[in-house]
Amino acid sequence: MKHTLKPSQYAVLIAIMLTASVGDSLLSRGMEQVGHVDLHHLGLLWHALFNPFVDAGIVLLIGFFACYTTALSWADLTFLMPATAFGYVVIALLGRFWLHEQLSPSRWAGIALIVCAVGFVAGGPSRTEHHELDQMDAGVGR
Amino acid sequence: MSSQTLHVWSAILFVAALAVAGEVLIAAGMRQLGDLDDIRAHSGILGAIRAVLTNAKFVVGALCMAFNFFAMLFALSIADLSLAAPAIASLTYIGNAIAAKLFLHERVDHRRWLATAFVAIGVLLLAH
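Parameters and conventions
Residues numbered from 1 in each chain as written. Chains lettered and ligands numbered in written order. Predicted model: local features only at pLDDT ≥ 70, side-chain atom pairs only at ≥ 80, totals over all residues. Heavy atoms only, no water. Salt bridge = Lys/Arg side-chain N within 4 Å of Asp/Glu carboxyl O. Helix = DSSP H or I, 4+ residues; strand = E, 2+ residues; numbered from the N terminus. Phe/Tyr/Trp six-rings, centres within 6.5 Å; stacked < 30°, edge-to-face > 60°. Buried < 20%, exposed > 50% of the residue type's maximum accessible area, 1.4 Å probe, protein only. Lys NZ or Arg CZ within 6 Å of the ring centre and 35° of its normal. 1 Å grid on protein atoms, 1.4 Å probe; cavity = no way out; pocket = protein on both sides within 12 Å on 5 of 7 lines; lining within 4 Å. Points joined across faces, edges and corners; volume = space filled by probe spheres on them. Nonpolar A, V, L, I, M, F, W, Y, C, P; charged D, E, K, R; others polar. Contact = heavy atoms within 4.5 Å. Buried area = accessible area lost by both parts, 1.4 Å probe. Polar contact = N/O pair within 3.5 Å; in protein donor to acceptor, adjacent residues only side chain to side chain.

(A) Inspection of the pattern of salt bridges at higher detail. One pass over the structure, following the stated rule, counts seven salt bridges over all chains. A salt bridge links Arg 40 of chain B to Asp 37 of chain B; the nearest nitrogen and oxygen atoms lie 3.7 Å apart. Of this pair, Arg 40 of chain B and Asp 37 of chain B are both found in helix H2 (residues 36-53), three residues apart, which corresponds to roughly one turn of the helix. Through salt bridges that share partners, Asp 76 and Arg 127 of chain A together with Arg 31, Glu 106 and Arg 112 of chain B make up one connected network.

Following this line, the structure appears as structure tokens:
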């Protein structure tokens, strides 16, 4: 029942945490420069494509989507969720130690909760085994 | 509840529901395919990409996610970023856990429920 992940699979999990958080940060940094986009000013989205922060953010988020899809091929959705949430912790800690932002007590509490969540899930199996699906997998020929 | 509040919360629920539908469909598609590493070993990286892109559940799920992206832009234009972003993230995590149990038949044990609750509350706290 208990799955041990390969080192390459841990690398994918770390890539998910980093690409999601850094990609989101770059995108929001870029969109701040582009300005407010609403339904009446959709043309601004075109301008956003020429912003280097937005471009870098899009590349990272495409990377995130590829890693996430790969991870879903060998792990449960409920196993991966705390990993994706850990990206928020990475953003908060980057802000604290790199940009020297102050973190309020409630944000520290949020960080602690997400870290605990990762701990809970990491202690269990990464994948629910389904008998009929195992047979299907065997049919694919592994 | 004012009509504006109702409007904002419907948008938030709609965006979260789209995200849950997208993630669960993609997860179902990938579970159907099996370990991508094995597929890549067998038929190369292009074969693996082709296997993913020709999986109907994956494609519909990815469309939901794309639609979710634009719905999110719309939701953020009518709601405060500090309300909408964490509310959507939190509801998506809770919805994902329920949908994963119901539709993907994942074994969501007490550890995972606890993790889901911690993540949902943690994301809300981090936004402030």
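(B) Region of interest: the packing of aromatic side chains. What the rule picks out here adds up to six aromatic pairs over all chains. Between Trp 46 of chain A and Phe 50 of chain A, the ring centres sit 5.5 Å apart and the planes meet at 80°, which makes this aromatic pair edge-to-face. On the accessibility criterion, Trp 46 of chain A (56% relative accessible area) is exposed. Measuring from ring centre to ring centre gives 6.3 Å for Phe 14 of chain B and Phe 67 of chain B, while their planes differ by 90°; the resulting arrangement is edge-to-face. Taken together, the residues Phe 14 of chain B in helix H1 (residues 3-33) and Phe 67 of chain B in helix H3 (residues 56-78) connect sequence positions 53 residues apart. The ring of Phe 97 of chain A is capped by Arg 96 of chain A, whose NZ or CZ atom sits 5.2 Å from the centre of that ring.

(C) A look at the environment of Leu 73 of chain B. Residues and elements named next belong to chain B. Relative to the helices and strands, Leu 73 is located in helix H3. Overall, the relative accessible area of 29% leaves Leu 73 in the partly exposed class. Sequence separation of Leu 73 and Leu 83 is ten residues, and the distance between their C-alpha atoms is 14 Å.

(D) Quick peek at empty space enclosed by the protein. Applying the stated criterion to the full structure yields one cavity of 30 Å³ or more. Taken as a whole, the largest cavity encloses approximately 40 Å³ of empty space. Around the largest cavity, the lining residues are Phe 120, Val 121, Gly 124 and Pro 125 of chain A together with Arg 107, Asp 109, Arg 111 and Arg 112 of chain B. Of all the secondary-structure elements, those providing two or more residues to the lining of the largest cavity are helix H5 (105-122) of chain A together with helix H5 (110-126) of chain B. Among the residues forming the lining of the largest cavity, the class breakdown is three nonpolar, one polar and four charged.

(E) Quick look at the interface of chain B and chain A. Counting residues at the interface gives 41 residues for chain B, matched by 49 residues for chain A. Between chain B and chain A the total buried area reaches about 3800 Å² when both faces are included, carbon and sulfur atoms providing 67% of it. Our count for the chain B to chain A interface comes out at three salt bridges. Where Asp 76 of chain A meets Arg 112 of chain B, a salt bridge forms, and the shortest distance between an N and an O atom there is 2.8 Å. In this structure, the connection of chain B to chain A is made through 13 residue pairs in polar contact (both at pLDDT 80 or more). For the side of chain B that touches chain A, the elements supplying multiple residues, two or more each, are H1, H2, H3, helix H4 (81-102) and H5 of chain B. With twelve residues, the top contributor of residues to the side of chain B that touches chain A is H5 of chain B.

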